[in-house]
Amino acid sequence: MPELPEVEAAAGQLRQAALGRTIRAVEPLHPALARSLPPVACQGLAGRTIAAVARRAKIQLVTLDDGQVLEVHFRMTGDWAFGVGTDPIPVTERLRIHCTDGSRVSLIDARALAVLRLHPPGELQLPPLGPEPLTEAFTVEAFREALARRRGPIKVVLLDQRVVAGVGNIYAAEALWLARIHPSRVAATLTRPRLLALRDAIRDVLATAPVGRYFASAETVAADDAHWRVYGREGAPCPRCARSIRRLMQAGRSSYYCPGCQR
C-alpha cells in the first residue's frame, strides 16, 4: 500500500504534470468511480483549471480554480500515469482526465480499490487525522497524549491515522525496529524516552524512504528490497544482531520484528 512517502511523491508528480492545466473532460472507467463522479459532476469539472495539488496523510487533494476539491485515496495499488492522446492506454486505467492542451492524466489501479470524492467549494471534510510526522506538530508531548489511553499493541495503534498521519504497515514495522520496541508492546506503557526514540525513528524511516516507484505488489517488492531492515524478511538475519526476523499477525496484517533487538 502506498504510504506517506509514496503518496507525497505521487502528489509531486501530479503537481508537475497537471498544475495550471485546464480540464477538457473527465472519464470514470470503473463502476465505483463512476458512482463517485456521476455525469453531472464530470460536467462540472470540464473547463476548470487545476490550481493546487496537496497531500494530507495518505490523501491527495486536487483543488480547482473554482474551489472544488477532488480527494484521491490510492488505497492498495493506485498510481498516476501521464501521457498524451496518442500514447498507449494503461492496462489498469480506472479514470482518465483529458486536458485542453492534449495531455492526459490516468489513475491506474490494479485492484480497483482507489477512492475519489468531489467536494464542493468550501465543503472539504476529511476524517480525523493526527499530526504530519515530518512537521513540528509531531511532538513527543502530542504523541504521548495520543497514546495515553491506548491499550492495544503499539504496531496496531500506529496504523490509526488519528494518532499520526500517513504511517502504514511497512514504515511502522521499520520504525519499531529502529526504536527497538516490540510490536506487541502496549502503546500506553511506552515511557517518554521510548516515545522520543519512536518519534525520531518514524521521522527517520519516512525521510529516507526509497520513493520513485509505488508498491503494485508491496509484499513482493519489499521482500526483494535491501532497504528494508525487517519488513518482508521473515527468517533473514537481523542487520543489527543477526537473530532471525520473525513475523506475527496483528489486526489482520503481518508484523515483522527481531526477537533479539525488540524485546
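Cut-offs applied
Residues numbered from 1 in each chain as written. Predicted model: local features only at pLDDT ≥ 70, side-chain atom pairs only at ≥ 80, totals over all residues. Heavy atoms only, no water. Pairing = 2+ DSSP bridges. Helix = DSSP H or I, 4+ residues; strand = E, 2+ residues; numbered from the N terminus. Axes fitted to C-alpha atoms, helices over the stretch in contact; angles between N-to-C directions. Contact = heavy atoms within 4.5 Å. Core = buried A, V, L, I, M, F, W, Y, C linked by side-chain atoms within 4.5 Å. Buried < 20%, exposed > 50% of the residue type's maximum accessible area, 1.4 Å probe, protein only. Parallel < 35°, antiparallel > 145°, perpendicular 65-115°, else oblique. Left-handed = near helix turned anticlockwise from the far one by under 90°. Nonpolar A, V, L, I, M, F, W, Y, C, P; charged D, E, K, R; others polar. Arc of directions from axis to C-beta. 1 Å grid on protein atoms, 1.4 Å probe; cavity = no way out; pocket = protein on both sides within 12 Å on 5 of 7 lines; lining within 4 Å. Points joined across faces, edges and corners; volume = space filled by probe spheres on them.

Enquirer: Where do I start with the sheet that holds strand β8 (residues 115–119) in this structure?
Expert: By definition, the strands of a sheet pair up through backbone hydrogen bonds, in either a parallel or an antiparallel sense. The sheet built from four strands is open, its strands ordered β2-β3-β4-β8 with antiparallel pairing. If you trace the sheet from one side to the other, it starts and ends with β2 (50–56) and β8, each paired once. Pairwise comparison of adjacent strand axes, ignoring direction, gives a mean angle of 20° for this sheet. The pairing of β2 with strand β3 (residues 59–64) spans six bridges and is antiparallel. Bridge assignment links Ala52 to a residue of β3, and that residue is Thr63. Relative to β2, helix α1 (residues 4–18) is tilted by about 175°, and along the sheet it contacts β2 and β3.

Enquirer: What exactly am I supposed to notice about the nonpolar core here?
Expert: Considering soluble globular proteins, one finds that nonpolar side chains tend to be buried as a cluster. By size, the foremost hydrophobic cluster in this structure holds 37 residues, and its most contacted members are Phe143, Leu147, Ile154, Leu158, Leu198 and Ile202. Every element with two or more residues in this core is listed here: α4 (140–147), α5 (154–158), α6 (169–179) and α7 (192–207). The element best represented in this core is α6, accounting for eight residues. What Ile202 contacts, discounting residues up to four positions off in sequence, is Pro133, Phe138, Phe143, Leu158, Val167 and Ala175. Counting residues in each nonpolar core, the second largest holds 25 residues, with Val53, Leu64, Leu70 and Ala114 among its members.

Enquirer: What is the right way to look at the packing of α6 against α7 in this model?
Expert: Helix-helix packing is characterised by the crossing angle of the two axes and by the distance between the axes. Remark: α6 packs on α7, axes separated minimally by 8 Å, with the N-to-C direction vectors making an angle of 130°. Regarding the angle of α6 to α7, the classification is oblique. Classified by chirality, the crossing of α7 by α6 is right-handed. Counting all contacts with α6, which are made through Tyr171, Glu174, Ala175, Leu176, Leu178 and Ala179, the residues of α7 involved are Arg194, Ala197, Leu198, Ala201, Ile202, Asp204, Val205 and Leu206. For the contact of α6 with α7, the per-class residue count stands at 11 nonpolar, no polar and three charged.

Enquirer: Quick question: what am I supposed to make of unusual backbone geometry here?
Expert: For residues other than glycine, phi is negative in most cases, and the peptide bonds are mostly trans. Of note in the backbone geometry, Arg75 takes a positive phi value of approximately 60° without being a glycine. When you line up the elements, Arg75 lands in the loop between β4 (69–73) and β5 (78–84). Unusually for a residue other than glycine, Ala112 sits at a positive phi of about 55°. In this structure, Ala112 sits in the loop between β7 (103–109) and β8.

Enquirer: Help me understand α4, please; the structure alone is not making it clear to me.
Expert: Every buried residue belonging to α4 is among Val140, Phe143 and Leu147, and all of these are buried. Here the buried residues of α4 occupy an arc of 60° about the axis, which is enough to place them on one side. Looking at the buried residues of α4, the elements they touch are α5 and α7.

Enquirer: Can you help me understand empty space enclosed by the protein in this one?
Expert: A water-sized probe, rolled over the atoms, reveals where empty space remains. In the structure shown here, the tally under the stated rule is one cavity of 30 Å³ or more. Of the voids in this model, the largest cavity is the one considered here, and its volume is about 100 Å³. The wall of the largest cavity is formed by Leu14, Ala18, Ile23, Val26, Leu45, Ile50, Val62, Leu64, Leu70, Trp80, Leu95 and Ile97. The set of elements that each furnish at least two residues to the lining of the largest cavity consists of α1, β1 (23–28), β3 and β6 (93–99). Residues belonging to the lining of the largest cavity are distributed by class as follows: 12 nonpolar, no polar and no charged.

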